[in-house]
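Letter by letter, the chains look like this.
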Amino acid sequence: MRILVIGALGTIGRKLVPALVGAGHQVSVSSRDPNKPAPWPELSCRRFTLDLLEPSSLPDALQDIELVYYLMHGMSDGQAHGELEALAAKNLANAAAKAKVQRIIYMGSLVSVKPKSEHMLARIATGEALASSGVAVTELRAGIIITPGSAAFEVMRDLVGHMPLAFVPKAIETQAPPIALENVLHYLVKLANMPETAGMVLDAAGPEWLSYRQLMLRIAKHLNKSLKILVLPGLPIKLACTVLGLITSVPQSLAKALIAGLAEQLEAKPEVLRGLIPQKLISVDDAIAQVFEEEQVHTYPKRWQDGVPTFRNFSSLHGFYAKAAKKNVTVNASAENIWRVINLLGGKHRYYYLDVLWAMREWMDFVVGGTGREHGRSDYRKLTVGERVDSWTILSVEENECLVMRFGMKAPGGGGMQISIEPLAENKHQLEVALYWHPAGFWGLVYWYFFAPWHGWLLWGMTKNMAKLAEQNQLSSEQQDKQ
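Rules behind the numbers
Residues numbered from 1 in each chain as written. Predicted model: local features only at pLDDT ≥ 70, side-chain atom pairs only at ≥ 80, totals over all residues. Heavy atoms only, no water. Axes fitted to C-alpha atoms, helices over the stretch in contact; angles between N-to-C directions. Helix = DSSP H or I, 4+ residues; strand = E, 2+ residues; numbered from the N terminus. Parallel < 35°, antiparallel > 145°, perpendicular 65-115°, else oblique. Left-handed = near helix turned anticlockwise from the far one by under 90°. Contact = heavy atoms within 4.5 Å. Salt bridge = Lys/Arg side-chain N within 4 Å of Asp/Glu carboxyl O. Buried < 20%, exposed > 50% of the residue type's maximum accessible area, 1.4 Å probe, protein only. 1 Å grid on protein atoms, 1.4 Å probe; cavity = no way out; pocket = protein on both sides within 12 Å on 5 of 7 lines; lining within 4 Å. Points joined across faces, edges and corners; volume = space filled by probe spheres on them. Nonpolar A, V, L, I, M, F, W, Y, C, P; charged D, E, K, R; others polar. UniProt positions renumbered as here; feature names shortened; annotations may be inferred. Pairing = 2+ DSSP bridges.

Draft legend 1. Inspection of the packing of helix 7 (residues 212-222) against helix 11 (residues 284-294) at higher detail. Look at helix 7 against helix 11: their axes get within 10 Å of each other, and the N-to-C directions meet at 45°. Here helix 7 lies oblique to helix 11, going by the angle between them. Regarding helix 7 and helix 11, the two cross each other, and that crossing is right-handed. Between helix 7 and helix 11, the residues in contact are Leu-215, Arg-218, Ile-219 and His-222 and Val-284, Asp-285, Ile-288, Ala-289 and Phe-292, respectively.

Draft legend 2. Geometry of the pattern of salt bridges. One pass over the full model with this rule turns up 17 salt bridges. Among the salt bridges present, the one from Arg-141 reaches Glu-139, with a minimum N-O distance of 2.8 Å. The exposure classification of Arg-141 matches that of Glu-139, with both residues buried. Here Arg-303 and Glu-401 are joined by a salt bridge, their closest N and O atoms 3.9 Å apart. Taken together, the residues span a long stretch of sequence, with Arg-303 in the loop between helix 11 and strand 16 (323-331) and Glu-401 in the loop between strand 18 (392-398) and strand 19 (402-406) at a distance of 98 residues. Given a relative accessible area of 15%, Arg-303 falls into the buried group. According to the relative accessible area criterion, Glu-401 is partly exposed, its value standing at 38%. Taken together, the shared-partner salt bridges in this structure form one network comprising Glu-154, Arg-157, Glu-295 and Arg-312.

Draft legend 3. A look at the environment of Ile-282. Tracing the backbone shows Ile-282 in the loop between helix 10 (271-276) and helix 11. Owing to a relative accessible area of 13%, Ile-282 belongs among the buried residues under this scheme. A C-alpha to C-alpha distance of 9.8 Å links Ile-282 and Glu-208, two positions 74 residues apart in sequence.

Draft legend 4. Structural detail: the layout of surface pockets. Roughly 400 Å³ of internal volume is contained in the second largest pocket. Counting only elements with at least two residues in the lining of the second largest pocket, the list comes to helix 13 (355-367), strand 20 (413-425), strand 21 (428-439) and helix 14 (441-482). Broken down by element, the residue count for the lining of the second largest pocket peaks at seven residues, all from helix 14. By residue class, the composition of the lining of the second largest pocket is 16 nonpolar, three polar and one charged.

Draft legend 5. Broad picture of the UniProt feature "transmembrane region" (unreviewed entry) in the protein. In the UniProt entry, the feature "transmembrane region" (unreviewed entry) is given for residues 440-460. Between the first and last C-alpha atoms of residues 440-460 the distance is 27 Å; the span itself is 95% helix and 0% strand.

Draft legend 6. Focus on the pairing of strand 18. Taken across its seven residues, strand 18 has five buried, putting it largely inside the fold. Here two bridges tie strand 17 (residues 388-389) to strand 18, and the two strands are oriented antiparallel to one another. Bridged to Arg-388 within strand 18 is Thr-393. The hairpin formed by strand 17 and strand 18 contains two residues between the paired strands, and Asp-390 there has a positive phi angle of roughly 55°.

Listed below in C-alpha cells is the structure:
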C-alpha cells in the first residue's frame, strides 16, 4: 500500500515508519523542517516538506497515496494552537479528497467525558476537521504513551529525577491507562489493512489504570530515586505549570498544554480495539524498563537530535529535549574554504572570539577536577571522529558540511556543538554554529540559563570572525586561480 506519514520525524512517526516498511508498504514521509535529519537513512522513503497551513504544499506529497497517517499536533506552538491545528487538518483533508486518498488514520488522544482543556478540545476538533471533506477516517486515541520523547512521560521523568520532594495539586490523583509505544505501533500498523474501521474512534489503553502519582512513583523506582509527593489541594494548576516550566526540559508550551488537562478524568473503552486487534499488552513496569534500556544503545546520527543517548551521556536523568543557542551568518565563500576555517578549531585560533571566556570556563572545570585545561587536538591536520578538540570529543564529521562535537567538561547535563554549512548559491553559504544542552534537572537548567547571555555573545563573534576568515581564503583562492 502507498502510504504517507505526516509527522514522520516525531516520537511516534520515527518508529512507525520502519514498522510500516517492514510490513511491506511503500512509505513516503513528511516533516515541517527540511533540515531535520531522518532517523532511518537506510530506508529509501520519499520525503516532502509540508506546511499544512499552506494548501499549495500538499498536492505533490499526496499524489497516488492510498492511506495517510496523521500524527501532527500543535501543542508546542503556544497559545491558541487548537484553531491552527483544526485549520491544518482541514487543509489536509481537502487536499486528500482531491487526491482521492482512500483513508486517513489519525493518532489522537484519550479525552474526558466533558473535555475542557484546550489540548483535549484540539484533539477532538482535529478529528472532526479530518473527517469533514468526506475522506474516511480511523481515529486511534491513546493517553500517556511510555516511550522516550513522549511529552507526558518526559515531564514526569524530569520531575521524578530531580525533585526529592514534590508539592503537587490534587489533580495528581487523576487516573490514566499508560500504554507502551510497542503496543500503539502494533495497532497502527494493523489498522492499515483494516478499511472496515473507517469512521470508528478506537481507544488504546494499557493493561493498568494508574494515578499520575502512582506512575511517577513507578518511574522513580526504576531510576532508583527517592521521591516524596505532597498533595496541596488548593495549589492552582497554573502555578504547577510555572514550576514545571523551570524543572522540566520539555518545551514550556508543550508541558503547559498537557498539565492544563491534568484534572480531567480520561474516558477509555479499549475493548473494541482489543477485540479487533488482539495482542499482549506490555505492563507499565516492563514498558518503563524498556525505555531505560533503549537509552543505553551506543548509536548516534550524523547531526544533533533530541533524545539521542550519546548526546545525553547515556544518562536517563538528562533531559530528553535539548536547549539550544544558535547563530548563523551568510558567507561569500565556497564550502571548502569555510571548512578550512572550521578545521582550525582548537589550534592557534581556538574559537575565533573572546577566547578568554572559554579559558575561564576551562579553569572552572580544572578546579573541580575536570579536563578543561587539556588543550590541543589529536590531529591538527584534519577533524576525525573519536578524536578530540580541547575538551570536546568529535562525534561526526561530514567534510564541507557538518561537524558535531560533544562537550567534555563537568556540568549538570550533557551537550555539544554543531557547526554546519548549507549552500545558498555558488560560493555563497550559510554557516551556523549551534550549542545544545540536555539539562540534568533543575540545576542543569540553572546552568544553561546562567550561561545563555554569554552563549549569544560568543556565537555572534565566533560566526562573524569565521565568516571573515573564510572570505579571505576565498579571495586568496580566486587570486591564485587568476595567476
